[in-house]
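Listed here are the chains, written in short residue letters.
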Amino acid sequence: MSLLPWSIYVSLAGALLALAAGRHSARAARWVALLAASGAWALTLLAATRFVPGPGLQTLVDHAWLPSMGVHYHLAADGISLTLLVLTGLASTAGVLFSWNITERAGEFFALFLTLVAGVYGVFLSADALLFFAFYEIAIVPKYFLIAIWGSTNREYGAMKLALYSFAGSAMVLAGLLWVYAAGGGHGFAFGDLAQAAATLPRHQQIVVFAFVFFGFATLAGLFPLHTWAPTGHVAAPTAASMLLAGVVMKLGAYGCLRIALPLSPVGFAYWQTPIAWLAVIGIVYAGLVALMQTDLKFVIGYSSVSHMGFVMLGIAAANLQSVGGAVLQMFSHGVIAGLLFAVVGRMVYDRTHTRQLAELRAMPLHRLMPFAAAVFVIAGIASMGLPGFSGFPAELTILVGAWKTNPAWAAVGAVGVLVAAAFTLRAIQVSFFGSVDKPQPAGQVTHLEPITLAEKAGAILLISATVLIGLKPDILLNWINPALQSPLFQTVLRGGPS
Amino acid sequence: MSPDYAGLFQALGPEAALVLGALAVLGLDLTLFRRHSLDERLRLALWMGSLAVLAACVHVWRGGTPGPVFGGVLILDPLAVATRLGVLVLTLLTLGVARGATARRQPAEYVAVILLAAAGLTLMAAAQQLLIVFLALELASLSLYVIAGFDRTRPDSAEAALKYYLFGGIAAAFLLFGFSLIYGVTGSIELPEIAKQISVQGANPLLMVALVMVLVAFGFKTAAAPFHLWAPDVYQGAPAPSAALVASASKLAGFTLFTRLLWPGLGAAAGNPASFNAGPGWLPAVAAIVAASLLLGNLVALAQTNIRRLLAYSAIAHSGAMLLGVMAAGRAGPAPLFYYASTYGLATVGAFGVICAVERAGRCESISDLAGLHKRSPFLAACLAVYILSLAGIPPLAGFFGKFTVFAAAIRLGGVAAPAGSLAVLAIALSAVALYYYLIVLKQALVAKPAADASSIKVPPAMALSLFAAAGLIVWFGLFPGQLLGLF
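These numbers were taken from a predicted model, which means no experiment stands behind them.

Okay, the overall build of chain B next. Looking only at helices and strands, chain B features 21 helices and two strands. The C-alpha atoms of chain B give a radius of gyration of 21 Å, which matches the 23 Å a tight globule of 488 residues would have. Taking the principal axes of its C-alpha atoms as reference, chain B extends roughly 70 × 55 × 40 Å. Among the 488 residues that make up chain B, the fraction classed as buried is 63%. Residue pairs in contact within chain B that sit at least 24 positions apart in sequence constitute 78% of those at least 6 positions apart.

Shown next, in the form of structure tokens:
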């Protein structure tokens, strides 16, 4: 367990080394990045083998950082953070593999990529709200440059919109945290201290503070109607950045909602629970319907991410042990599946055909030209639809069952979202890869595409194995997650239930 | 009590070092170095100037005995010592930046005047008597007017100096008027005595008039809205190193002086920080200036296309935040404000340093002149990213902790519902707006491709050292904020 903080340091060191190596050659930079990303991932896996599940955060490092204000450099982990740390390692390693073709300013690319990853590891390990916030911002800034420099469609707009939404959200969080901190007499930012301080505020103030912190984080989680940055950002981003963005960065928001906002003020949460849940289910269905209407394949995936994140938010809003456990599982599952989908669309298809328009893809016999990509996309699509055998199934099922216990109506509308997801996923698969199956090939068509590289195959296999493994044995993660939900902080907001 | 001339001399060691340094720079330039080339003369003058600043640093470090000096004319408390060191470090960095400026006529005079300005600023940091306050302020201001107008080849520079001088002159008049009223009300020019008298007499209409005068004057000096009009023109027209000094060291010393004047001196007339309805005081007036500066600075900055004007409006916004720190200093102490002002100074010196470096290879007026800086000089681009992100308040850079500590102190005054708290929330909201214009700058520097005729930029070693030191200090104090915040 004590190895976990090194995931941050290894990523940061990797960022510096990649920057230096990039001055030498792109090849050196990408090997450095691969070593750093997989090294950090290996650390999380190693820590996972020694992990003893239990309630509450297990402290790894605790130094006074800013003693006069009670800020600590306090890193700790429980089953929830561990799940997301493993996901981060997986997604970042796969992200490097799918960025193997980056040649322009490669050193800077991987440096920013690894800085972002370090920020994400830091967020998942923080046990001090201010430290959490600092890492959270470290993860936001590199995204802007990754998209603005290496992105595609409308990249400057997408990058700026994403940065401003994220930053506005984090400004709300900071205001809320400082509010509670001041109310507590300035003792510190430990999660428990903040919850105690918030309890001293009058009810109406608790309601406002909770809204600041929760909706601040929910912006990054893509909660409807704060999600509009997500599709444009995902679409503009280079493949690896979309994978990280959908795979782990949106999870930062959801994790913030769960870890900080929920325990902060049970009173505020009780007030907002119903609106949040309805926003989540509206998001699930609405984003699914919008995905159904898209003409750009990457927008389909972008909106599907918003829809799937809606399940995470629904699980959190339903606030019982089962639904929240499902939400964490869904964070992992969606992180893997969204990474896979973006990898196919951004790296395998777009980098070779230079189009993502469904109408143009329909005309290409992609299933014949790229059988591997087609197979991966079908698998990812099936996983994304939540079919049994893949991680999406236990995750979404647990969330819906959990939500049903709190309010059957939420579960019912959420289930409609599953159907919509099946519809847009099938349409995307059919149109993009199998659009020309029964048509004769028109003359002057593309007949050859650059073959799928080893790096891409390795990345795809990694992600597919993860989703199948968790689909078949979700207990691996649930055995970490469920004990963590027994911690006293969560007990104040979560209703019990068999789990 | 007999006058303690030895103590006074010891306390004024740094100023003496700076003035002697200025004289030496002038003397040697007129005699020994006379026949050297302009560039060589600038180099020698800067080396000697830097030595003088370092000597002053040593004097501050070894410093006199803490406490009042010469019957209370000066005070050597932690804030004074820290501010003096801060001012000297910022001056040193400015001298390094000036190494990269193209050699003008009279390089030695330029360095000598910078040293005199620094002497005025270090004196401001320790002044505790109204006469000394005014003298220090005028010494610093007059020197700054001169260096603002030093580039005689450009009309912009003359315009900057003239505007700065006229506004500054009026501000000085306001200040002197305010001081004379304070003297009339309290019968003293020494801050501890003034404080005693005010707490005995209570609020007094004449005192309120005096306070307004003082606030107006400091509003001018710190470029806070609505007294900010000179700032964009000065930042735009002055030579880059001069603008750097105006924006950094002069701000730091100004805010220290302002805090000292308002809290230990006029604290009894502050009013209630938790609620403005409780009685008259200067807090409501400062709060109005804070709100105006935050809104005007951040919103107008959005519309700027000139990099220096953008920095000027961002400076106005930062002044608003620092004034919030002044409001909170009564309870939280000067630590958050000092941290904010000094780290802001580092970032600003750096940003103007980068502008100065880019000017070596062409123009640097519009933001798009920074285009492709990452190709033209990766070092400058990396430094600029650190400065700008620090100004934007991104952790783990020092700018984040500046904002964080000041806002936390302001909210702690009376919760978010109290005036200072709501101003802090406004400032946090506007920091999200500010990110937009900071990212616009970085977009040009790091994302955009260089213009076709843009050449790569060579940075002289002294300047590179200066920029690197500024960036390094920003990162260092961001990672270890307790090192500055724990000083007080």
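What follows concerns the overall build of chain A. Each helix and strand counted, chain A has 21 helices and two strands in total. Its C-alpha radius of gyration of 21 Å places chain A within 12% of the 23 Å reference for a compact globule of 499 residues. Reported as C-alpha extents along the three principal axes, the dimensions of chain A are approximately 75 × 55 × 40 Å. Out of the 499 residues belonging to chain A, those deemed buried represent 67%. The contacts of chain A with a sequence gap of at least 6 include a subset with a gap of at least 24, amounting to 81%.

A few words on the packing of helix 4 (residues 78–98) of chain B against helix 20 (residues 461–479) of chain B. Residue and element names in this part refer to chain B. The N-to-C vectors of helix 4 and helix 20 enclose an angle of 140°; their axes lie 7 Å apart at closest approach. Classified by the angle between their axes, helix 4 and helix 20 sit oblique to one another. Like other packed secondary-structure pairs, helix 4 and helix 20 cross with a definite hand, here left-handed. Here Leu-93, Gly-96 and Val-97 of helix 4 lie close against helix 20, whose contacting residues are Ala-462, Met-463, Leu-465, Ser-466, Ala-469 and Ala-470. Taken together, the residues of the contact of helix 4 with helix 20 sort by class into seven nonpolar, two polar and no charged.

Moving on to the pairing of strand 2 (residues 71–77) of chain A. Residue and element names in this part refer to chain A. The element strand 2 is largely enclosed, with a buried count of six among its seven residues. As paired elements, strand 1 (residues 58–66) and strand 2 share seven bridges and run antiparallel to each other. Bridge assignment links Leu-66 to a residue of strand 2, and that residue is Val-71.

Attention shifts here to the interface of chain B and chain A. Contact residues are listed per partner, giving 26 residues for chain B and 26 residues for chain A. Residue assignment for the side of chain B that touches chain A shows that the elements contributing at least two residues are helix 18 (398–412), helix 19 (419–447) and helix 21 (482–485) of chain B. Per-element tally for the side of chain B that touches chain A: the top contributor is helix 19 of chain B, with eleven residues.

With that settled, consider the environment of Thr115(A). All names here are of chain A. One can find Thr-115 in helix 4 (residues 106–125). Thr-115 sits in the buried class, given 23 other C-beta atoms within 10 Å. As for Thr-115 and Leu-84, which are separated by 31 residues in sequence, their C-alpha atoms are 17 Å apart. With residues near it in sequence (within four places) discarded, Thr-115 still touches Leu-12, Ala-15, Ile-138 and Pro-142.

Let us now look at the packing of helix 14 (residues 307–332) of chain B against helix 15 (residues 335–360) of chain B. Residue and element names in this part refer to chain B. The contact between helix 14 and helix 15 brings their axes to 9 Å, and the two run at 170°. By the angle between their axes, helix 14 is roughly antiparallel relative to helix 15. Each of Ile-307, Arg-308, Leu-311, His-318, Ala-321, Met-322, Gly-325, Val-326, Ala-328, Ala-329 and Ala-332 in helix 14 lies in contact with helix 15, whose residues at this interface are Pro-336, Leu-337, Tyr-340, Ala-341, Tyr-344, Ala-351 and Ile-355.

Our focus in this paragraph is the domain arrangement of chain B. All names here are of chain B. Here the domain parsing of chain B yields domain 1 (1–189 + 197–252) and domain 2 (270–488). Placing the centre of domain 1 and that of domain 2 at their C-alpha centroids yields a distance of 21 Å. Listed as interface residues are 39 residues of domain 1 and, on the opposing side, 45 residues of domain 2. Those elements giving two or more residues to the side of domain 1 that touches domain 2 turn out to be helix 4, helix 9 (205–221), helix 10 (230–237), helix 11 (240–247) and helix 12 (249–265). Broken down by element, the residue count for the side of domain 1 that touches domain 2 peaks at ten residues, all from helix 4. For the side of domain 1 that touches domain 2, the per-class residue count stands at 26 nonpolar, eleven polar and two charged.

What follows deals with helix 20 of chain B. Residues and elements named next belong to chain B. Taking 1.5 Å per residue, 19 residues should reach 27 Å; helix 20 reaches 26 Å between its end C-alpha atoms and fits that length. Taken residue by residue, helix 20 has Met-463, Ala-464, Ser-466, Leu-467, Ala-470, Ala-471, Leu-473, Ile-474, Phe-477 and Gly-478 as its buried positions. Close packing links the buried residues of helix 20 with helix 4, helix 15, helix 17 (378–392), helix 18 and helix 21.

In the segment running from Phe224(A) into Pro225(A), the intervening peptide bond is cis, with an omega of 0°. Here Pro225(A) lies in the loop between helix 8 (203–221) and helix 9 (229–236). In this chain, Pro395(B) is followed by Pro396(B) through a cis amide linkage whose omega measures 5°. Checked against the element boundaries, Pro396(B) lands in the loop between helix 17 and helix 18. The phi torsion at His354(A) lies on the positive side, around 60°, for a residue other than glycine.

Before going further, it helps to spend a moment on the environment of Leu116(B). Within the secondary structure layout, Leu116(B) lies in helix 5 (residues 107–126). Excluding residues within four positions of it along the chain, Leu116(B) makes contact with Val19(B), Ala22(B), Leu139(B) and Ser143(B).

Here the focus is the environment of Ala317(A). Residues and elements named next belong to chain A. Topologically, Ala-317 is positioned in helix 12 (residues 297–318). Residues Ala-317 and Phe-269, 48 residues apart in the sequence, show an inter-C-alpha distance of 8.6 Å. Once you skip the residues sitting within four places of it in the chain, Ala-317 turns out to touch Gln-273, Ile-276, Ala-277 and Ala-280.

Before going further, it helps to examine the confidence of the model for chain B. Looking at chain B, pLDDT values average 90 and 98% of them are 70 or higher. Scored as a complex, the prediction yields pTM 0.92 and ipTM 0.90.

Residues Met313(A), Leu314(A), Leu324(B) and Ala410(B) are the most contacted members of the largest nonpolar core, which totals 441 residues. Both domains that meet at this core, namely domain 1 (1–189 + 197–252) and domain 2 (270–488) of chain B, each give it at least three residues. Excluding its chain neighbours within four sequence positions, the residues that come into contact with Leu314(A) are Ala277(A), Ala280(A), Val281(A), Ile284(A), Ile399(A), Ala403(A), Trp410(A) and Gly414(A).

Cut-offs and rules
- Residues numbered from 1 in each chain as written.
- Chains lettered and ligands numbered in written order.
- Predicted model: local features only at pLDDT ≥ 70, side-chain atom pairs only at ≥ 80, totals over all residues.
- Helix = DSSP H or I, 4+ residues; strand = E, 2+ residues; numbered from the N terminus.
- Rg over C-alpha atoms; globule rule 2.2 N^0.38 Å.
- Buried ≥ 20, exposed ≤ 12 C-beta atoms within 10 Å, placed from the backbone.
- Contact = placed C-beta atoms within 7 Å.
- Axes fitted to C-alpha atoms, helices over the stretch in contact; angles between N-to-C directions.
- Parallel < 35°, antiparallel > 145°, perpendicular 65-115°, else oblique.
- Left-handed = near helix turned anticlockwise from the far one by under 90°.
- Nonpolar A, V, L, I, M, F, W, Y, C, P; charged D, E, K, R; others polar.
- Pairing = 2+ DSSP bridges.
- Domains from an automatic or database assignment.
- Expected span 1.5 Å × (residues − 1).
- pLDDT = per-residue confidence, 0-100.
- Core = buried A, V, L, I, M, F, W, Y, C linked by C-beta atoms within 7 Å.

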